[in-house]
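One-letter residues, chain by chain:
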Amino acid sequence: MVLLSVAVYLALYPQSYPAPVSLLLEGAPVALPIFGASICFWIRKSNPVFVFSLVAIFAYFVDALSATQTVAVYIVLPLCWLVLALSEERGLLTPAGFTKAVSLLVLALVIMSLDYPADDLGIFANFWIDLHYVLHWRPSWGPGLALPALALATFALATLFLTVRLARKHRPLDAGYLGALIALFGGGLRQGDQSATAIFLILISLLLILALFQESHRMAFLDELTGIPGRRALLADMKKLGRRYSLAMVDVDFFKKFNDSYGHDVGDQVLRMIASRLNQTGGGSRAYRYGGEEFTLLFPGKDAKEAIDYLEDVRERIEKTAFVVRGQDRPNKKPKRAPGQSGNKRVKITVSIGISERKDKQDEPEDIMKNADRALYKAKDKGRNCVIRN
């Protein structure tokens, strides 16, 4: 938001920029996308590479584009970004990556050919004229609009879909796509102003680069399956603990047997359910996925006696959760069943928990974790589905 506000201010109130700033406005619109693409290779994100490539090409040729070509860019770019944002990551050197690259190249060639004289197209001349009319058409109530109707429609469509996606996924890269789209719209409103266009192109790259750094942090510290912090985040947070805390290790009972019986997809659903319940544990706790079917709960500022009631509560809530396993032969259309009949199987999921606390000034977090692990093994030996304090 700060970057967007600064860009809008600079675009609306042009100043006599000093030489270093003028040089930045000349080189950064192309240099920043190249830098952003290199970050994509580092974190193995292919779709943003295409977005940065489009920004770099547009920035390089923007002064040479005709009015029709510029309008076409502002119509096509929002749709391209929308498709790239919604499509799966399949890599660059793959058939999917090759298809995307060829498609974007074809679009670029079509845009570059829009200045071809209609008189030389013979029977296609009328179609060419109609196409130019559609590209430039503005409603009767909006002759002063900076962008034609078709461009406004593609911006609105892309903004709607990206906003919904961001609200559902809450991923930094989706926020970057949406912010970059808004910045592109700002550039469209100021088309013809070279300084303003450069400012908004720089803003596009900065927003996407910032989103990539946030995305890399999310990938490093959040568990992709469950959405809660992973082991790396746990180890980092353990270094920040104070003098008083407790730590609990949580393990799903008979999880291997469950996976063998119902499959890994159902097992993944169980892990997501467990993570959701653990994430709701009170007492100021923090939930982490330690690995496999094992989770960790940290209770900063609480000893084991204070934390054990919260653990018992979450253990009981997991036990009482009705987990339904749908049959593998379940038809696409729901069949009619007599009252009380069901084709799905309800299974009970339980967890065993071991908890330990910091008792001595010399105790290291790793020692507390080992003690909690020993308590967890005791809970398994005791019959599972219980909390044991070490």
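These figures come from a predicted structure and were not determined experimentally.

Peer 1: Can you lay out unusual backbone geometry for me, pointing to particular residues and giving the numbers?
Peer 2: Of note in the backbone geometry, His-170 takes a positive phi value of approximately 55° without being a glycine. Here His-170 lies in the loop between α7 (149–169) and α8 (172–189). Even without glycine at this site, Asn-385 takes up a positive phi of about 55°. Tracing the backbone through its elements, the reader meets Asn-385 in the loop between α14 (365–381) and β7 (387–389).

Peer 1: Tell me what's going on with the pairing of strand β2 (residues 286–291), and back it up with residues and numbers.
Peer 2: Of the pairings in the sheet, the one linking β2 to strand β3 (residues 294–300) comprises 5 bridges and is antiparallel in character. Paired with Tyr-288 across the strands is Thr-296, a residue of β3. Linking two consecutive strands that pair antiparallel, namely β2 and β3, is a turn of 2 residues; a positive phi of about 60° is found at Gly-292 within it.

Peer 1: An account of the pattern of salt bridges is needed here, citing residue identities and associated values.
Peer 2: Inspection of the entire model under this criterion finds 18 salt bridges. Taking the shortest distance from any N to any O, the salt bridge between Arg-90 and Glu-88 comes out at 3.4 Å. Of the residues examined, Glu-88 reaches a relative accessible area of 53% and is grouped as exposed. For the salt bridge of Glu-316 with Arg-315, the shortest nitrogen-to-oxygen distance reads 3.8 Å. Among the charged side chains, a network of salt bridges with common partners joins Glu-312, Arg-315, Glu-316, Glu-319 and Lys-348.

Peer 1: Which residues make up the side chain of Lys-100, and what values do they have?
Peer 2: As for its placement among the helices and strands, Lys-100 is situated in helix α5 (residues 95–112). Dropping the residues within four chain positions of it, Lys-100 is found in contact with Asn-47, Phe-50, Leu-84, Ser-87 and Glu-88.

Peer 1: Tell me what's going on with the environment of Asp-303, and back it up with residues and numbers.
Peer 2: Structurally, the position occupied by Asp-303 is in the loop between β3 and α13 (304–320). Once the C-alpha coordinates of Asp-303 and Tyr-245 are considered, the two residues, 58 residues apart in sequence, prove to be 5.5 Å apart. Of note is the side chain of Asp-303, whose polar atom sits 2.9 Å from the backbone nitrogen of Glu-306.

Peer 1: Describe a nonpolar patch on the surface, listing the residues and the values that go with them.
Peer 2: On the surface, Leu-79, Leu-86, Leu-157, Leu-160, Phe-161 and Val-164 cluster together to form a nonpolar patch covering roughly 510 Å² of accessible area. Elements with a minimum of two residues in the nonpolar patch: α4 (67–86) and α7. Sorting elements by how many residues they give to the nonpolar patch places α7 first, with 4 residues. Note that Val-164 resides in helix α7.

Peer 1: Summarise the environment of Arg-384; cite the residues concerned and give the values.
Peer 2: Inspection of the secondary structure assignment puts Arg-384 in the loop between α14 and β7. What makes Arg-384 partly exposed here is its relative accessible area of 30%. Once the C-alpha coordinates of Arg-384 and Asp-251 are considered, the two residues, 133 residues apart in sequence, prove to be 9.4 Å apart. Not counting the four nearest positions on each side in its chain, Arg-384 is found in contact with Asp-253, Phe-254, Ser-352 and Ala-379.

Peer 1: Please set out the side chain of Thr-154 residue by residue, giving values where relevant.
Peer 2: In this fold, Thr-154 is placed in helix α7. In this structure the side chain of Thr-154 is engaged in a polar contact, spanning 3.3 Å, whose partner is the backbone oxygen of Ile-75. Excluding anything up to four places from it in sequence, Thr-154 contacts Tyr-74, Ile-75, Pro-78 and Leu-79.

Rules and cut-offs
Residues numbered from 1 in each chain as written. Predicted model: local features only at pLDDT ≥ 70, side-chain atom pairs only at ≥ 80, totals over all residues. Heavy atoms only, no water. Helix = DSSP H or I, 4+ residues; strand = E, 2+ residues; numbered from the N terminus. Pairing = 2+ DSSP bridges. Salt bridge = Lys/Arg side-chain N within 4 Å of Asp/Glu carboxyl O. Buried < 20%, exposed > 50% of the residue type's maximum accessible area, 1.4 Å probe, protein only. Contact = heavy atoms within 4.5 Å. Polar contact = N/O pair within 3.5 Å; in protein donor to acceptor, adjacent residues only side chain to side chain. Patch = residues over 30% accessible without salt bridge, like charges linked within 9 Å, V, L, I, M, F, W, Y side chains within 5 Å. Areas by Shrake-Rupley, 256 points an atom, 1.4 Å probe, with all protein chains shown as cover.

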